[in-house]
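# Descriptive analysis of the structure
In case you want the letters, here they are:
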Amino acid sequence: MVIDLHLHTVASDGRSTPAELVDLAAAGGLSVMAVTDHDTVASCREVKEAARARGIEAISGIEITAVDSRRDVHMLGYFFDIDDPALLAFLTGQRQTRIARVERISRRLNELGMPVDLSPFLTAATARRQSIGRPQVADAMVAAGHAVSRRDAFQRWLGAGRAAFIEREGATPESVIEIVHAAHGVISLAHPGRTGLADQRIRQLVAAGLDALEVYHSDHDPDTVTRYAALADRLGTLRSGGSDFHGDPSYPLTVGSVSLPSEHWERLRTAAGRHR
Ligand code: AMP
Ligand code: MN
Ligand code: MN
Ligand code: MN
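The rules we used
Residues numbered from 1 in each chain as written. Chains lettered and ligands numbered in written order. Predicted model: local features only at pLDDT ≥ 70, side-chain atom pairs only at ≥ 80, totals over all residues. Heavy atoms only, no water. Near = heavy atom within 4 Å. Polar contact = N/O pair within 3.5 Å; in protein donor to acceptor, adjacent residues only side chain to side chain. Areas by Shrake-Rupley, 256 points an atom, 1.4 Å probe, with all protein chains shown as cover. 1 Å grid on protein atoms, 1.4 Å probe; cavity = no way out; pocket = protein on both sides within 12 Å on 5 of 7 lines; lining within 4 Å. Sits in = over half its atoms within 2 Å of the grid points. Helix = DSSP H or I, 4+ residues; strand = E, 2+ residues; numbered from the N terminus. Nonpolar A, V, L, I, M, F, W, Y, C, P; charged D, E, K, R; others polar. Phe/Tyr/Trp six-rings, centres within 6.5 Å; stacked < 30°, edge-to-face > 60°. Buried < 20%, exposed > 50% of the residue type's maximum accessible area, 1.4 Å probe, protein only. Lys NZ or Arg CZ within 6 Å of the ring centre and 35° of its normal. Donors = N, O, S within 2.8 Å, 3.2 Å for Na, K, Ca; no water. Salt bridge = Lys/Arg side-chain N within 4 Å of Asp/Glu carboxyl O. Pairing = 2+ DSSP bridges. Axes fitted to C-alpha atoms, helices over the stretch in contact; angles between N-to-C directions.

### Thoughts on the site of ligand 1
- For ligand 1, the set of nearby residues contains 15 residues, the closest of which are H38, R98, R134, R168 and H246.
- Contacts to ligand 1 include R168, whose side-chain N or O atom sits 2.3 Å from an oxygen atom.
- Bound to the protein, ligand 1 loses 83% of the 500 Å² it would expose on its own.
- Under a 2 Å grid-point criterion requiring more than half of the atoms, the pocket assigned to ligand 1 is the largest pocket.
- If you list the elements that add at least two residues to the shell around ligand 1, you get β5 (71–78), α3 (85–111), α5 (134–143) and α6 (150–158).
- For the shell around ligand 1, the element with the highest residue contribution is α6, accounting for three residues.
- Looking at the shell around ligand 1, its residues break down into three nonpolar, four polar and eight charged.

Okay, structure coming up:
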């Protein structure tokens, strides 16, 4: 069974429409999938319906950006109610913060002599519940000839500490756990190997209700998988996993290239039933 619970669409910084993503999932032989766009559920319904027509089970998913000691902490929510009013209001706020940040980055790029046109992204962000961020700024930089790829734009300008980096403020991980639980979901710490939170801090988040660690991820080498699998066992949490596919040509990666082992999928699903 191929089970990929970390996928992006054009509702955030992915390049596939919901229908295209489901086509790729079918081609990759997926049994279960979750679209996990950043701070929006705009693609969830369409993915679920297109997936069902192809015999693939799609569960609700999201990747929420929390902030902890000035560090971005990505948190994955699953199985939650996509119409939960409190969750939707929170996500609207998250996207407004993203728009404000992108506008500040755009002003900074202007000062650096690299004007970009973000108007198409900003229109989509308000009209279609799309969430924008640095990847779209990177795309605008590529379009304007200031960078050759997303990777290049991040490495030279947009990444932490670079000249066009703007800090963000945001919700604490604890508050994100609470909001997703209130919407009857389970929550997993995304790519802990990339985020690099101290084990002690992860332990505190587990005490605050964190349900799972994303043990399986395209950025995790075998040692990192082993390390976080052991930490999950030690802390008594579940495991999640997925490719984090964005369709970004500067990162060759396919839908289903990282799969959650079926025994851990079954445990996650059972836990979700308990939150209902
Ligand atoms: P933001 O949501 O504005 O904080 O941007 C973070 C997103 O940018 C992540 O979800 C990644 O998809 C993407 N990203 C981060 N680092 C890089 C990189 N070096 N190259 C390409 N994309 C990146
Ligand atoms: Mn992303
Ligand atoms: Mn992430
Ligand atoms: Mn992601």
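Next comes the rest of the write-up.
### Section: the packing of aromatic side chains
- Inspection of every chain in the model, using the stated rule, returns one aromatic pair.
- Seen in terms of ring centroids, F79 and W265 are 5.8 Å apart; in terms of plane orientation they differ by 20°. Their pairing is stacked. Highlighted residues: F79 in the loop between β5 and α3 and W265 in helix α11 (residues 262–274), separated in sequence by 186 residues. Neither residue differs from the other here; F79 and W265 are each classed as buried.
- Against the face of Y251 rests R151, its NZ or CZ located 4.3 Å from the ring centre.
- Seen from the ring of Y228, R227 lies directly overhead, with NZ or CZ sitting 4.6 Å from the centre.

### With respect to the coordination of the manganese ion (ligand 4)
- Donor atoms from the polypeptide that bind the manganese ion (ligand 4) are H6 (NE2), H8 (NE2), E63 (OE) and D244 (OD), placed at 2.1 to 2.2 Å.
- Between consecutive donor residues of the manganese ion (ligand 4), the sequence gaps follow H-x1-H-x54-E-x180-D.
- In this model, the manganese ion (ligand 4) sits 4.5 Å from the manganese ion (ligand 2). Within this pair, whereas H6 is found in strand β1 (residues 2–7), its partner E63 is found in strand β4 (residues 61–68), the two being separated by 57 residues in sequence. Just as H6 is buried, E63 falls in that class too.

### Observations concerning the pattern of salt bridges
- Per the stated rule, a full pass over the model turns up 19 salt bridges.
- For R54, the salt bridge goes to D23, with nearest N and O atoms at 2.6 Å. Here R54 is found in the loop between α2 (44–53) and β3 (57–59), whereas its partner D23 is found in helix α1 (residues 18–27), with 31 residues between them in sequence.
- One network of salt bridges, with partners in common, ties together R15, D139 and R150.

### Section: the sheet that holds β1
- Spatially, the three strands line up as an open sheet ordered β1-β2-β3, and their pairing is parallel. Edge positions in the open sheet fall to β1 and β3, since each of these has one partner strand only. Shown here is a sheet whose adjacent strand axes are inclined to one another by a mean of 15°, direction ignored.
- The pairing of β1 with strand β2 (residues 30–35) spans four bridges and is classified as parallel. For D4, the partnering residue across the bridge sits in β2 and is M33.

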